[in-house]
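Close look at the chain arrangement
Here is what each chain is made of, one letter per residue.
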Amino acid sequence: MTPPRSSSRPHAAKSKAVSLPLPSYAQLSDADEAALSALFRKGTPANTLRAWERDLAYIAAWKMAVFGRPLTWPEEEAVALRFILHHAQDLTETPGPAQDAALELITIGLRRELTAPAPATLDRRIASWQAFHRMRNLPSPFSAPLVSQARQKSRRANARPRVPKSARPITRDVLTTLLATCDDSHRGIRDRAMLTLAFASGGRRRSEVTALNVEDVTLSDFAEKGLVWLRLLETKTTRPGDAPRLPLKGPAARALVHWLETAELKKGPLFRPVSKSDRPLPRRLAPDALRVILRHRLALAGLPHDYATPHGLRAGFLTQAALDGAPLAAAMKLSLHKSAIQAQKYYADVEITDNPATDLLGS
């Protein structure tokens, strides 16, 4: 596919779909080029593709607003450096080209405010820009020494305290409170199954939960051992070739089997919308459905809607594992964290007085 053609009007990036700059080589036939582009799309997770499209729309609109011309491949080092400089400062009281461009991006809905974006946001957009260059087998301007150093300085200058993805972890006691709001309607049975599965299977991400199919559930060990197996075809840290199988036991296993039996599901999406007449529908829930369901259950439990987010289930699983004295390595086998350093952060957040290591000599 060819690079996006930016209009002279910045809002063009918002008003129409932006084509990803997928591989395009003069020496390839049209058929081979189309096959290569299709391979890139098929081999890239849907969430990544959506993020790339958003980042490309932003980058293209920013360059048009600042330079009055579309992106080029490879991009100039001066453009990359200007991009970093424009996003390394608070523009609220800084009139000039950077503020003018930011205001245009705000007007078309691609930027929210004039303050400097979080370093993680800038890093993600730069990473996307670099990925677009790799797709076309081109060098990235962000690899230039001066540009690379400017990026490092910007990251340090705008460093912020780590903000958890969820205001609070949904530990076992909080989850129990939420489950108490689930009645015996199809909606209540589904929500109980979703919440317990997301927690007990290692703190699954919301997209992983809604992506599950009935075919990903194995019940052969349930009658004898009370054990249900889940197959995750693709997660943030795994790929279809090494799809993990995760166990569900106890209340989580029973809740899932109850949902399957009550909804009479044989194949297709595991978790589905429920109609106003309390009838399960054949289509899949939206990827963000777990957030909506969680807010609903928080409200019914008398808790603020922003008490926790779906990531609180993931944080809650690891926090509860730490509180119960489960080894970090054992928890990671379920959470599927690749980095012990990342998973350890949840263990470190546990109050020191609640750490089981403080009771090694007994009471």
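Residues numbered from 1 in each chain as written. Predicted model: local features only at pLDDT ≥ 70, side-chain atom pairs only at ≥ 80, totals over all residues. Heavy atoms only, no water.

1. A few points about the pairing of strand β2 (residues 228–231)
Here β2 shows a clear split, with Val228 and Leu230 buried on one side and none of Trp229 and Arg231 buried on the other. The pairing of strand β1 (residues 217–218) with β2 spans 2 bridges and is classified as antiparallel. Residue pairing in the sheet places Val217 in a bridge with Leu230 of β2. Pairing analysis gives 4 bridges linking β2 to strand β3 (residues 245–248), with the strands arranged antiparallel. Its bridge partner being in β3, Arg231 is matched across the sheet by Arg245. (Buried < 20%, exposed > 50% of the residue type's maximum accessible area, 1.4 Å probe, protein only. Helix = DSSP H or I, 4+ residues; strand = E, 2+ residues; numbered from the N terminus. Pairing = 2+ DSSP bridges.)

2. Here we look at the side chain of Arg297
Among the structural elements, Arg297 can be located in helix α13 (residues 289–300). If we skip the residues at most four places from it in the chain, Arg297 touches Leu178, Thr181, Cys182, Arg187, Gly188, Asp191 and Leu195. (Contact = heavy atoms within 4.5 Å.)

3. A closer look at the sheet that holds β3
Backbone hydrogen bonds hold the strands of a sheet together, and the pairing may be parallel or antiparallel. Judged by pairing direction, the sheet is antiparallel, and its 3 strands sit side by side in the order β1-β2-β3 without closing on themselves. Looking at strand neighbours, the two that pair on one side only are β1 and β3, the edges of this open sheet. Seen against the sheet, helix α12 (residues 250–263) touches β1, β2 and β3 and runs at an angle of roughly 75° to β2. (Axes fitted to C-alpha atoms, helices over the stretch in contact; angles between N-to-C directions.)

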